[in-house]
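For reference, the chains in residue letters:
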Amino acid sequence: MGEISSSQDYQSFRSSIPFKRVVVDGDSKEWTYYDAGPRSVRCPLICLPPASGRADVFFKQILVLSTAGFRVIAVEYPVLWTLREWCEGFRRFLDHLELDKVHLFGASLGGFLAQKFAEFLTINERVHSIILCNSFFDTSVFQMATSSHTFWMMPAILLKKMVMGNFEKGLLDSPTADSIDFMVEKLDSMTQQQLASRLTLNCMNSYVEPQKLHGIQITLMDVNDECALSQAVKEEMYKCYPEARRAHLKDGGNFPYLSRSDETNLYLQIHLRQFNETKYSAMEKLDDTS
């Protein structure tokens with residue numbers, strides 16, 4: 001068990017926040033999630049993990065933000081092989097939770113899926129804002145569109161090697177090294193089908209049409225040190241969303257929500273507080289008794 005898995009914070013999270021399961025699709029696809037904070041909030045923050053992560057990779061956001069009064073939901077998706085299938089399944093998941101609008105915090109693949117979901121529901125808007133962490137808008141950056149059609153039949157060990165090839169190497173500070181160890185644990189806990197389906201969504205030929213996200217408040221969060229995405233990809237994201245707020249972290253690697261959680265949580269709260277006095281607040285409104 002790694003440093004994060006054995007930490008008091010993680011053990012407290014696992015013992016205090018229930019892990020829930022729900023089937024929303026006709027073919028018994030099971031969505032799993034953590035839901036913390038006031039249930040009266042109807043426009044919560046929903047966290048979408050990267051290809052290598054599970055819902056609990058956001059445990060530090062759940063603990064801190066829910067304590068501050070925000071409702072936070074971290075989602076783990078079932079095995080789904082197309083972006084349309086994922087978007088339709090996620091829409092039914094939101095319907096099950098009776099959520100008309102949401103704020104999305106997506107990391108890497110999770111960020112791409114957040115954009116595709118907002119694009120998918122351009123007419124029937126369900127996404128009020130998005131925070132993208134080390135994410136992308138075009139899968140061509142991975143140059144694996146052709147081979148993505150064969151992921152379903154590849155051995156799990158090969159798929160894991162593909163993912164781990166993007167993890168930072170060399171001399172790392174302890175929090176960053178611990179975040180990688182934790183993500184490797186999450187990777188090892190996935191079935192071949194779970195990992196293959198996520199990598200398929202991550203690499204199949206697709207891109208976001210940013211003009212369809214016009215009107216959605218977006219924050220771009222990224223790190224200045226080594227991560228899976230090049231500086232050129234980050235620059236393209238800036239061009240796609242020129243009006244987006246930017247949240248730069250000096251370092252933190254691929255998983256700053258684990259390695260630099262204090263800074264990540266601060267940026268998330270700054271993003272969400274712009275909606276505090278609206279009906280789309282992710283925080284419970286306090287009665288004004290004065």
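Going by the structure above, here's the rest.
Residues numbered from 1 in each chain as written. Predicted model: local features only at pLDDT ≥ 70, side-chain atom pairs only at ≥ 80, totals over all residues. Heavy atoms only, no water.

A.B. asks: Go over the packing of helix 4 (residues 109-120) against helix 7 (residues 192-203), please, and point to the residues and values.
C.D. replies: Running from amino to carboxyl end, helix 4 crosses helix 7 at an angle of 60°, the nearest separation of the two axes being 10 Å. Considered as vectors, helix 4 and helix 7 are oriented oblique to each other. Helix 7 is crossed by helix 4, and the crossing has left-handed handedness. Seen from helix 4, the contacting residues are L109, F112 and L113; seen from helix 7, they are R198, L201 and N202. Split by residue class, the contact of helix 4 with helix 7 holds four nonpolar, one polar and one charged. (Axes fitted to C-alpha atoms, helices over the stretch in contact; angles between N-to-C directions. Helix = DSSP H or I, 4+ residues; strand = E, 2+ residues; numbered from the N terminus. Parallel < 35°, antiparallel > 145°, perpendicular 65-115°, else oblique. Left-handed = near helix turned anticlockwise from the far one by under 90°. Contact = heavy atoms within 4.5 Å. Nonpolar A, V, L, I, M, F, W, Y, C, P; charged D, E, K, R; others polar.)

A.B. asks: Please give an account of helix 4 that cites residues and values.
C.D. replies: For helix 4, with 12 residues, the first-to-last C-alpha span of 16 Å sits near the 16 Å given by 1.5 Å per residue. The element helix 4 is largely enclosed, with a buried count of 11 among its 12 residues. Restricting attention to buried positions, one finds in helix 4 the residues L109, G110, G111, F112, L113, A114, Q115, K116, F117, A118 and E119. For helix 4, the secondary structure elements touched by its buried residues are strand 3 (45-48), helix 3 (83-96), strand 5 (102-107), strand 6 (127-133), helix 7 and helix 8 (231-240). (Expected span 1.5 Å × (residues − 1). Buried < 20%, exposed > 50% of the residue type's maximum accessible area, 1.4 Å probe, protein only.)

A.B. asks: Can you tell me about the packing of helix 5 (residues 156-164) against helix 6 (residues 174-188), naming the residues and giving the values?
C.D. replies: A pair of packed helices can be characterised by two numbers: the angle between their axes and the separation between those axes. Where helix 5 contacts helix 6, the axes come no closer than 11 Å and their chain directions differ by 155°. The angle between the axes of helix 5 and helix 6 places the two elements in the roughly antiparallel class. For the element pair helix 5 and helix 6, the recorded crossing hand is right-handed. Of helix 6, the residues touching helix 5 (which contributes K160, V163 and M164) are V184, L187 and D188.

A.B. asks: Break down the nonpolar core for me, citing the residues and quoting the values.
C.D. replies: Grouped together as the largest cluster of nonpolar side chains are 95 residues, with contacts concentrated most on W31, I46, W86, F90, F93, Y241 and Y257. Every residue in contact with W86, bar those within four places of it in the chain, is listed here: W31, L48, Y77, L80, L113, F117 and L201. (Core = buried A, V, L, I, M, F, W, Y, C linked by side-chain atoms within 4.5 Å.)

A.B. asks: Give a description of the sheet that holds strand 4 (residues 72-76) that names residues and reports values.
C.D. replies: The pairing of strands in a sheet happens through backbone hydrogen bonds and is either parallel or antiparallel. The eight strands are arranged 1-2-4-3-5-6-7-8 in an open sheet whose pairing can be described as mixed. Because the sheet does not close on itself, it has two edges, and the strands there are strand 1 (19-23) and strand 8 (245-249). For this sheet, the mean inter-axis angle between neighbouring strands, taken without regard to orientation, is 20°. Sheet topology note: the strand 7 (residues 217-223)/strand 8 ladder contains five bridges and is parallel. Bridged to L220 within strand 8 is R246. On the sheet, helix 3 packs against strand 1, strand 2 (30-36), strand 3, strand 4 and strand 5 and is oriented at approximately 45° with respect to strand 2. (Pairing = 2+ DSSP bridges.)

A.B. asks: Please give an account of the pattern of salt bridges that cites residues and values.
C.D. replies: If you walk through the whole model with that rule in mind, you get 15 salt bridges. Here E88 and R84 are joined by a salt bridge, their closest N and O atoms 3.1 Å apart. Of the two residues, E88 and R84 are both situated in helix 3; the distance of four residues between them amounts to about one turn of the helix. E88 gets classed as partly exposed once you look at its relative accessible area, which sits at 23%. The exposure class of R84 is exposed, given its relative accessible area of 53%. (Salt bridge = Lys/Arg side-chain N within 4 Å of Asp/Glu carboxyl O.)

A.B. asks: Quick rundown of the side chain of D222? Include the residues and the values.
C.D. replies: Of note, D222 is situated in strand 7. The side chain of D222 sits in the buried core without any salt bridge; K234 is the nearest counter-charge, 5.5 Å away. Within the structure, D222 has its side chain in polar contact with the side chain of Y238 (distance 2.5 Å). Residues within four places of D222 in sequence aside, it is in contact with N134, K234, Y238, A247, H248 and L249. (Lys, Arg positive; Asp, Glu negative; His and termini not counted. Polar contact = N/O pair within 3.5 Å; in protein donor to acceptor, adjacent residues only side chain to side chain.)

A.B. asks: Kindly report on the packing of aromatic side chains, identifying the contributing residues and their values.
C.D. replies: Enumeration according to the criterion identifies 24 aromatic pairs in this entry. Consider the rings of Y33 and F93, whose centres lie 5.2 Å apart with planes at 80°: the pair is edge-to-face. Of this pair, Y33 sits in strand 2 while F93 sits in helix 3, and the two are 60 residues apart along the sequence. Here F90 and F117 contribute two aromatic rings whose centre-to-centre distance is 4.8 Å and whose plane-to-plane angle is 75°, an arrangement assigned as edge-to-face. Of the two residues, F90 sits in helix 3 while F117 sits in helix 4, which places them 27 residues apart along the sequence. Considered together, F90 and F117 belong to a single accessibility category, that of buried residues. Feature note: the residues W31, Y33, Y77, W86, F90, F93 and F117 constitute an aromatic cluster, connected by ring pairs. (Phe/Tyr/Trp six-rings, centres within 6.5 Å; stacked < 30°, edge-to-face > 60°.)

Everything listed here is a matter of coordinates, which is why it stays silent on function.
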